[in-house]
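Results of the structural survey
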Amino acid sequence: MVLQKKIASLIICFLLLLLLPLSFSKPTRNLDGISARAPTVQQIRNRHHGTREVIVDNGIIRVSFSNPQGLVTGIKYKGIDNVLHPHLRARGYWDITWQGTNIRQGGLDRIEGTKFRIISQTQEQVEISFSRTWEDGHIPLNVDKRYIIRRNTSGIYMYGIFERLPEWPELDMGLIRIAFRLNPDRFHYMAVADNRQREMPTEDDRDIERGHAKVLGYKEAVQLTHPHNSMFKNQVDDKYQYTCEIKDNKVHGWISTKSRVGFWIISPSGEYRSGGPIKQELTSHVGPTSITTFISGHYVGADMEAHYRPGEAWKKVLGPVFIYLNSDSTGNNPPQDLLWEDAKQQTEKEVKAWPYEFVASSDFLSRRERGIVTGRLLVNDRFLTPGKSAYVGLAPPGEAGSWQTNTKGYQFWTKTNETGYFTIENVRPGTYNLYGWVPGFIGDFRYQNRVNVAAGSHITLGRVVYQPPRNGPTLWEIGVPDRTAREYFIPEPYKNTMNPYLNNTDKFRQYGLWQRYTELYPTHDLVYTVGASNYSQDWFYAQVTRKTGDLTYVPTTWQIVFQLPYVNWRGGYTLQLALASAARANLQVRINTQNSWPFFSTGSIGKDNAIARHGIHGMYRLYSINVPGRLLRTGTNTIYLRQAKATGPFEGLMYDYIRLEEPSRD
């Protein structure tokens, strides 16, 4: 009897072994009912173009790459032979702008590979590589572009490994990004956020030479005079109207309402991007085009630290990002809501899965190879309070606020809770400074000790105290210290150039608002009276130049008028002046006299172009200006703020917050 049971058990085990291979080969079904299977890789020669291609197919999505360049030439999905632009060579690509030591070196480089490799191929996924090592004439970098296509997944994971050796020549990098140009016959609806999505004009609508549009103040902004659809007539289109802060820039893309298909770029992490969580970057725009940017000077300008000197080595993994395609087979109209909601749900899954465990490169670190840093932020501004809703982050060592211009290292950011506690997860091993800022308080925080993170470590910092700049009690203040000019007066846009894509909460994104200043103040400048004026109505959002002729602009001088019942003649007052943006500006401060030599001057500052590019902030700056009591008067006082540069409409600055402090009573 025992022998019979053993024989029966062996037979059952044998049958299970026979059935096991069938479980691997049996196709699965995705939500749309498309057969999915283990991804395959083919290398072929295109009969029509005579070019070599690599094709990866998992039964849901079929992706074609030029070989060995590594450009994405085709994506077949849901019966669409190619969701990308059929007539362009550059359809899905990386590119980089750079400048070498020789003025003839540099420009735009599409980073086309010279070598193709299959990194891994399993039943679950394929990872392929298109790489290039430095050759004279190209940008001095080694680049390895990686693509991952997984089983039962309707998308492509993309990342790049960029490396510079110390003995290579000097280099300036301005931009690194991934761009996709989609099929213009299919994709007409764009979505960037819940309240920023609509049917879009076409690239042909922007054609100035054919008389379909006219250029406005700069080349990116055009007015659509003869669009294909009359609903767009006289609207302004400008790709900078669709920018987004990195912390919110997690998913954006396009929808083909005809094919009921969505194309999305999902960025699950901000660690590989430059400039910190509130740096603004481009998203999707007319083309139809979708991009994700890793390094750029957008809304910061030439202050971005992108210069590599002789002897300086650099290596960084950019990405992965996920190119996600979805479809709606329900037949319900319209498909936009369903596809957008699904894209957001997929984004949540990608964020939760970060850092990915399926990436082959040892340069991309898994969760167990990273560390965690925790602590509690407190603010000491006359008394101790929790640093609630504050931004805290780990970034390469530097001065307080240096994370705004850092491009070379990784950054890891989070927000504190209502009691100031924070947890920064998935930190790559390395040496960092802990930085931060707290809404409602001026200045930048930097923890006094460097933070050394090791693989698998859990570092507890305990209580971290930030003491914001303050030399005495507040006499008066203008604005809210939140690093933006959002709380100030933003005028109504011109009706004949309005973009209805933009909702009222983002009114600052409308074109031409800077021109309203000249209309409001045609002969004299803004005067703000403390105690009588209201900054939300009486303080223009940007101190810009005034137009006095067709091509003539003059500097502007704003006045802050205030009363002092008593002046400490021997004491030192402090003017805390926080800027949210500066573009080729020179702010001069005078006190109680308009014609004297400036008491304080910033000198020439800023190239963030936030005024022209519809940003409500750019790079943050804080000036703590000592004001001797002898310059003030009992009774009426006036501070003159003169923006002294005026060669065009876009020189200017935005204020975050202004405060006058009396001498300390200690």
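Being a predicted model, the structure only gives us computed values, none of them experimental. (Residues numbered from 1 in each chain as written. Predicted model: local features only at pLDDT ≥ 70, side-chain atom pairs only at ≥ 80, totals over all residues. Heavy atoms only, no water.)

Right, let's get into the overall build of the chain. Assigned secondary structure in the chain consists of four helices and 48 strands. The C-alpha atoms of the chain give a radius of gyration of 28 Å, which matches the 26 Å a tight globule of 666 residues would have. In terms of its C-alpha atoms, the chain occupies a principal-axis envelope of roughly 110 × 65 × 55 Å. Buried residues in the chain amount to 57% of all 666 residues. When contacts within the chain are restricted to residue pairs at least 6 apart in sequence, those whose partners lie at least 24 apart make up 69%. (Helix = DSSP H or I, 4+ residues; strand = E, 2+ residues; numbered from the N terminus. Rg over C-alpha atoms; globule rule 2.2 N^0.38 Å. Buried < 20%, exposed > 50% of the residue type's maximum accessible area, 1.4 Å probe, protein only. Contact = heavy atoms within 4.5 Å.)

This part is about empty space enclosed by the protein. To find leftover empty space, one rolls a probe the size of a water molecule over the atoms. Applying the stated rule across the entire model yields four cavities of 30 Å³ or more. By volume, the largest cavity amounts to about 110 Å³. Lining the largest cavity are 13 residues, and of these Gly275, Lys279, Gln404, Gly618 and Met619 sit closest to its centre. If you add up the space inside the second largest cavity, you get close to 60 Å³. Along the lines of polarity and charge, the residues of the lining of the second largest cavity split into five nonpolar, three polar and one charged. (1 Å grid on protein atoms, 1.4 Å probe; cavity = no way out; pocket = protein on both sides within 12 Å on 5 of 7 lines; lining within 4 Å. Points joined across faces, edges and corners; volume = space filled by probe spheres on them. Nonpolar A, V, L, I, M, F, W, Y, C, P; charged D, E, K, R; others polar.)

What follows concerns the pattern of salt bridges. Under the counting rule described, the total for this entry stands at 29 salt bridges. Residue Glu203 is joined to Arg181 by a salt bridge in which the shortest nitrogen-to-oxygen separation is 3.0 Å. Here the residue Glu203 occupies a position in the loop between strand E15 (196–199) and strand E16 (213–215), and Arg181 occupies one in strand E13 (residues 171–181), the gap between them amounting to 22 residues. Across the salt bridge formed by Asp248 and Lys247, the nearest N and O atoms sit 2.9 Å from each other. When salt bridges with common partners are traced through the structure, they connect Arg117, Glu127, Asp144 and Arg146 into a single cluster. (Salt bridge = Lys/Arg side-chain N within 4 Å of Asp/Glu carboxyl O.)

Further remarks concern the sheet that holds strand E14 (residues 189–193). Strand order in the open sheet formed by nine strands is E9-E10-E11-E12-E26-E21-E20-E14-E15, and the pairing between neighbours is antiparallel. Both outer strands of the open sheet, strand E9 (115–121) and E15, are each paired with one neighbouring strand and no more. Neighbour-to-neighbour, the strand axes of the sheet open up by a mean angle of 15 degrees, direction not taken into account. With nine bridges connecting them, strand E12 (residues 155–164) and strand E26 (residues 314–327) associate as antiparallel partners. By the bridge assignment for E26, Ile161 is matched with Val317. (Pairing = 2+ DSSP bridges. Axes fitted to C-alpha atoms, helices over the stretch in contact; angles between N-to-C directions.)

Counted under the stated rule, the structure contains 43 aromatic pairs. For the pair Tyr517 and Phe540, a centre-to-centre distance of 5.4 Å together with 65 degrees between the ring planes defines the contact as edge-to-face. Placement of Tyr517 in helix H3 (residues 516–520) and of Phe540 in the loop between helix H4 (535–538) and strand E38 (543–544) is noted, with a sequence separation of 23 residues between them. Here Tyr517 matches Phe540 in class, with each residue buried. Each member of the aromatic cluster is reached from another via a ring pair, and the members are Trp94, Tyr157, Phe162, Tyr272, Phe294, Phe322, Tyr324, Trp354, Tyr356, Phe358 and Phe364. For the cation-ring pair, Arg150 lies above Phe358, with the distance from its terminal atom to the ring centre recorded as 4.0 Å. The cationic tip of Arg370 hangs over the ring face of Phe364; the distance from NZ or CZ to the ring centre is 5.4 Å. (Phe/Tyr/Trp six-rings, centres within 6.5 Å; stacked < 30°, edge-to-face > 60°. Lys NZ or Arg CZ within 6 Å of the ring centre and 35° of its normal.)

This next bit is on the environment of Val567. With respect to the helices and strands, the residue Val567 is situated in the loop between strand E41 (556–564) and strand E42 (572–585). Of the residues examined, Val567 reaches a relative accessible area of 1% and is grouped as buried. Contacts of Val567, omitting those with residues within four sequence positions, involve Tyr573, Gly629, Leu632, Arg633 and Thr634.

Of all hydrophobic cores here, the largest spans 99 residues; its most connected members are Ile75, Trp94, Phe180, Phe263 and Leu434. Broken down by element, this core gets its largest block of residues, eight residues, from E26. Within the second largest apolar cluster, 61 residues are counted, among which are Ala221, Phe540, Phe562 and Leu632. (Core = buried A, V, L, I, M, F, W, Y, C linked by side-chain atoms within 4.5 Å.)

Here we take up the pairing of strand E48 (residues 652–661). Of all 10 residues in E48, 10 are buried; the element is thus mostly enclosed. Pairing of strand E36 (residues 474–479) with E48, which is carried by five bridges, proceeds in the antiparallel orientation. Bridging across to E48, Trp476 finds its partner in Leu660. When E42 meets E48, the two strands line up antiparallel, connected through nine bridges. Residue pairing in the sheet places Ala578 in a bridge with Tyr657 of E48.

Quick look at the pairing of strand E7 (residues 92–99) now. Residues in a regular strand point their side chains to alternate faces of the sheet. Counting buried positions along E7 yields six of eight residues, so the element is predominantly enclosed. Sheet topology places E7 next to strand E8 (residues 106–109); four bridges connect them, and they run antiparallel. Residue pairing for E8: Thr97 is matched across the bridge by Leu108.

Relative to the helices and strands, Ala193 resides in strand E14. By relative accessible area, which is 22% here, Ala193 ends up partly exposed. It is 40 Å that separates the C-alpha atoms of Ala193 and Tyr640, two residues lying 447 residues apart in sequence.

For the rest of this paragraph, the subject is the sheet that holds strand E37 (residues 527–529). Across the sheet, five strands lie side by side as E37-E41-E47-E43-E44; this open sheet has mixed pairing. Unpaired on one side and paired on the other, E37 and strand E44 (600–601) mark the two borders of the sheet. Examined bridge by bridge, strand E43 (residues 587–591) and E44 share two bridges and lie antiparallel to one another. Across the sheet, residue Val589 finds its bridge partner in E44, namely Phe600.

Tracing the sequence through the fold places Arg177 in strand E13. Taking relative accessible area as the criterion, Arg177 reaches 18% and is therefore assigned buried. In terms of polar contacts, Arg177 uses its side chain to reach the side chain of Asp95, at 2.9 Å. (Polar contact = N/O pair within 3.5 Å; in protein donor to acceptor, adjacent residues only side chain to side chain.)

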